[in-house]
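Examination of the molecular architecture
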Amino acid sequence: VFVLIELEHKHTVEAGNGKHMRALDVFKYSIKYLYTRALEVIKERTGDEDFGGNDVQWVLTVPAIWKPAAKQFMREAAYQVSCHDIHISNINKFV
């Protein structure tokens, strides 16, 4: 969590194979996967093939202790996925 508090555009992460990738891309691809998979599951379970991303209010929560730059980082990662309607919300503690 402490690494994420300071997260900014310049950060990279190292994969298990030693390759480095921009952290923004890692978060972008993770959000994209969750977004796409959630829609797939909803369509499968409801049988509603017309169900889309605009039918859901998406909220991405981040800890309140994160600095504004880290919160903006998450907002930009979500925006790059074309999830323009994802709202960033703070959480004050973990349950």
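Residues numbered from 1 in each chain as written. Predicted model: local features only at pLDDT ≥ 70, side-chain atom pairs only at ≥ 80, totals over all residues. Heavy atoms only, no water.

**A word on helix α2 (residues 23-46)**
Heads up, the condition is: What counts as a helix is a DSSP run of H or I of at least four residues, what counts as a strand is a run of E of at least two, and both are numbered from the N terminus. Expected helix span is given by 1.5 Å per residue-to-residue step, counting one fewer step than there are residues. Relative accessibility under 20% of the residue-type maximum defines a buried residue, over 50% an exposed one, and the middle range a partly exposed one, all with a 1.4 Å probe and only protein chains included. By definition, residues are in contact when any of their heavy atoms lie within 4.5 Å.
With 24 residues, α2 extends 35 Å from end C-alpha to end C-alpha; this agrees with the ideal 34 Å at 1.5 Å per step. When α2 is considered as a whole, its buried residues turn out to be A23, L24, D25, K28, I31, Y35 and L39. The inward-facing, buried residues of α2 contact β1 (12-14), β2 (20-22), β3 (59-63) and α3 (68-80). One or two steps after α2, the chain reaches G47, where phi turns positive at roughly 75 degrees.

**Here we look at the pattern of salt bridges**
A side chain with one charge can pair with a side chain of the opposite charge if their charged atoms come near. Quick note on the threshold: In the sections that follow, a salt bridge refers to a side-chain nitrogen of Lys or Arg positioned within 4 Å of a carboxyl oxygen of Asp or Glu.
Here the structure, examined in full by the defined rule, presents 4 salt bridges. With a shortest N-O distance of 3.4 Å, K28 and D25 are connected by a salt bridge. Of this pair, K28 and D25 both sit in helix α2, separated by 3 residues, roughly a single helical turn. Given the relative accessible area of 16%, K28 is considered buried. Relative accessible area serves as the criterion here: at 14%, D25 is assigned to the buried category. Its salt-bridge partner being R37, residue E40 comes within 3.1 Å of it at the nearest N-O pair. Residue E40 and its partner R37 are located together in helix α2, separated by 3 residues, close to a single helical turn. Using a relative accessible area of 36% as the deciding quantity, one classes E40 as partly exposed. Each of R22, D25 and K28 takes part in one network of salt bridges that share partners.

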